[in-house]
Amino acid sequence: MRFRLFVITLHDLARIRIRTNIHASVVGLLKDMMKWGLKIVLVVALTILCIGTALADIAPSKSAKSTRELVEQGKTVGTHRIIKSGDPELIYSEGIKYYELQKWKKASDLFDACQAYYAGSMREDSIAFFAARSKFKNRDYSTSTVQLEEFRRKFGRSTFLEDAEAMLAMCNYYLAPGPTRDQTITSQAIISFTEFMERYPKSERNEAFSNLTEELTNRLKQKVYINAYTYFKIQRYKSAIVAFRNALKQFPETPYREDILYHIAVSCYRLAHNSVPEKQADRYLDTIDAYYSFIDEFPESKRCKELERYNKEAKNFMDKNNIEKQK
């Protein structure tokens, strides 16, 4: 009885092993099928992608053809559709059309879109110039400046170079701010005009550029005067004197010369009047010198009477100081 139970148990174990092996085989088969299934899925996906790419490559040519047909039929086609057509010749020709019609925004968009197609070709410099000029005419001076700088660097022998450099100078002129703000761009505009007139001495633009240069220079003169007057206004007289004198050194022919000399004299007087006794003598001497500098150049000025009072007070102080020293 025990033997039979033992045999049965062995038989059952054998059946269990067989089932386990079958299960393992099935699991392995399923894993292999999954691996092959993933490979098949990847192959199918890549095939679909390739077909889609091929169709995408074919589609633009059809779009370009239909867009060109619409343009040739005289129908209005938006610039976005023209650009999307991928037809370089169509984009270029439409850009020229809008450029001649002075529709600068559309022309600019089209020229920007076709520049890459004509890189290295005979049209490259003309397209770059037309793109920059369209932006200039559309008053997008910042972008035009960037493109014109690039044009000058890249196309040093182009027939459009003179026009490009003239536009670049005008861009800087239009971007130059008022005299109360930083004048870095104003100085750059003056340099641009000066370089242009030196490089093209026979240009018809030189007279106008010379007038614009003078206008910008006067703006710089006004700026340095405003800076100096700011010190005067906040009663920092020592700094004001230095700033006013520097303004005269920088621009001796400034239209603010009378104002500057007047404020130097007043600043010297107020600085001396508010100083400690040890420094008053030297500063009253500066007041007397500033007074004579003013009346030598502007003896008929209405401000002479005011400055005479300051000069008289300065002299009285110096006389009194000399008497005390003699004692």
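Residues numbered from 1 in each chain as written. Predicted model: local features only at pLDDT ≥ 70, side-chain atom pairs only at ≥ 80, totals over all residues. Heavy atoms only, no water.

Turning our eyes to something else, we now look at the packing of aromatic side chains. Throughout the structure, instances matching the rule amount to 27 aromatic pairs. Look at Phe196 and Tyr200: their rings are 4.9 Å apart centre to centre, the planes differ by 45 degrees, and that puts the pair in the tilted class. Taking relative accessible area as the criterion, Phe196 reaches 1% and is therefore assigned buried. An aromatic cluster of at least three residues, connected via ring pairs, comprises Tyr99, Trp104, Phe111, Phe129, Phe130, Phe151, Phe155 and Phe160. The cationic tip of Lys97 hangs over the ring face of Tyr98; the distance from NZ or CZ to the ring centre is 4.9 Å. Of note, Arg303 hangs over the ring of Tyr262, and the distance from its end group to the ring centre comes to 4.4 Å. (Phe/Tyr/Trp six-rings, centres within 6.5 Å; stacked < 30°, edge-to-face > 60°. Buried < 20%, exposed > 50% of the residue type's maximum accessible area, 1.4 Å probe, protein only. Lys NZ or Arg CZ within 6 Å of the ring centre and 35° of its normal.)

Time to look at the side chain of Glu165. With respect to the helices, strands and loops of the structure, Glu165 is situated in helix H7 (residues 161-175). A relative accessible area of 7% means that Glu165 is categorised as buried. Aside from chain neighbours lying at most four places away, what touches Glu165 is Arg152, Phe196, Arg199 and Tyr200. (Helix = DSSP H or I, 4+ residues; strand = E, 2+ residues; numbered from the N terminus. Contact = heavy atoms within 4.5 Å.)

It is worth spelling out the packing of helix H8 (residues 184-199) against helix H9 (residues 206-233) at this point. Look at H8 against H9: their axes get within 9 Å of each other, and the N-to-C directions meet at 155 degrees. Judged by the inter-axis angle, H8 sits roughly antiparallel to H9. In the crossing of H8 with H9, the sense of the turn from one axis to the other is left-handed. Here H8 contributes Thr186, Ser187, Ala189, Ile190, Phe193, Phe196 and Met197 to the contact with H9, which in turn contributes Asn206, Phe209, Ser210, Leu212, Thr213, Leu216, Thr217, Arg219 and Leu220. Across the contact of H8 with H9, the residue classes break down as 9 nonpolar, 6 polar and 1 charged. (Axes fitted to C-alpha atoms, helices over the stretch in contact; angles between N-to-C directions. Parallel < 35°, antiparallel > 145°, perpendicular 65-115°, else oblique. Left-handed = near helix turned anticlockwise from the far one by under 90°. Nonpolar A, V, L, I, M, F, W, Y, C, P; charged D, E, K, R; others polar.)

By size, the foremost hydrophobic cluster in this structure holds 78 residues, and its most contacted members are Phe111, Phe193, Phe244 and Leu307. The element best represented in this core is helix H11 (residues 257-273), accounting for 10 residues. Apart from the residues within four sequence positions on either side, Phe111 is in contact with Tyr92, Gly95, Ile96, Tyr99, Ile127, Phe130, Ala131 and Ser134. (Core = buried A, V, L, I, M, F, W, Y, C linked by side-chain atoms within 4.5 Å.)

Here we take up the pattern of salt bridges. Pairing between side chains of opposite charge can happen when their charged atoms approach one another. A full pass over the atoms with the stated rule returns 13 salt bridges. In this structure, Lys135 and Asp112 form a salt bridge, with 2.6 Å as the shortest nitrogen-oxygen distance. A residue pair is termed long-range when its members are at least 10 positions apart, and Lys135 in helix H5 (residues 124-137) and Asp112 in helix H4 (residues 104-114) qualify at 23 residues. Exposure remark for Lys135: the relative accessible area of 8% places this residue in the buried category. Between Arg153 and Glu150 there is a salt bridge, with the nearest N and O atoms lying 2.5 Å from each other. With Arg153 and Glu150 both in helix H6 (residues 141-154), this residue pair falls 3 residues apart, about one helical turn. On the basis of relative accessibility, which here comes to 61%, the residue Arg153 falls in the exposed class. (Salt bridge = Lys/Arg side-chain N within 4 Å of Asp/Glu carboxyl O.)

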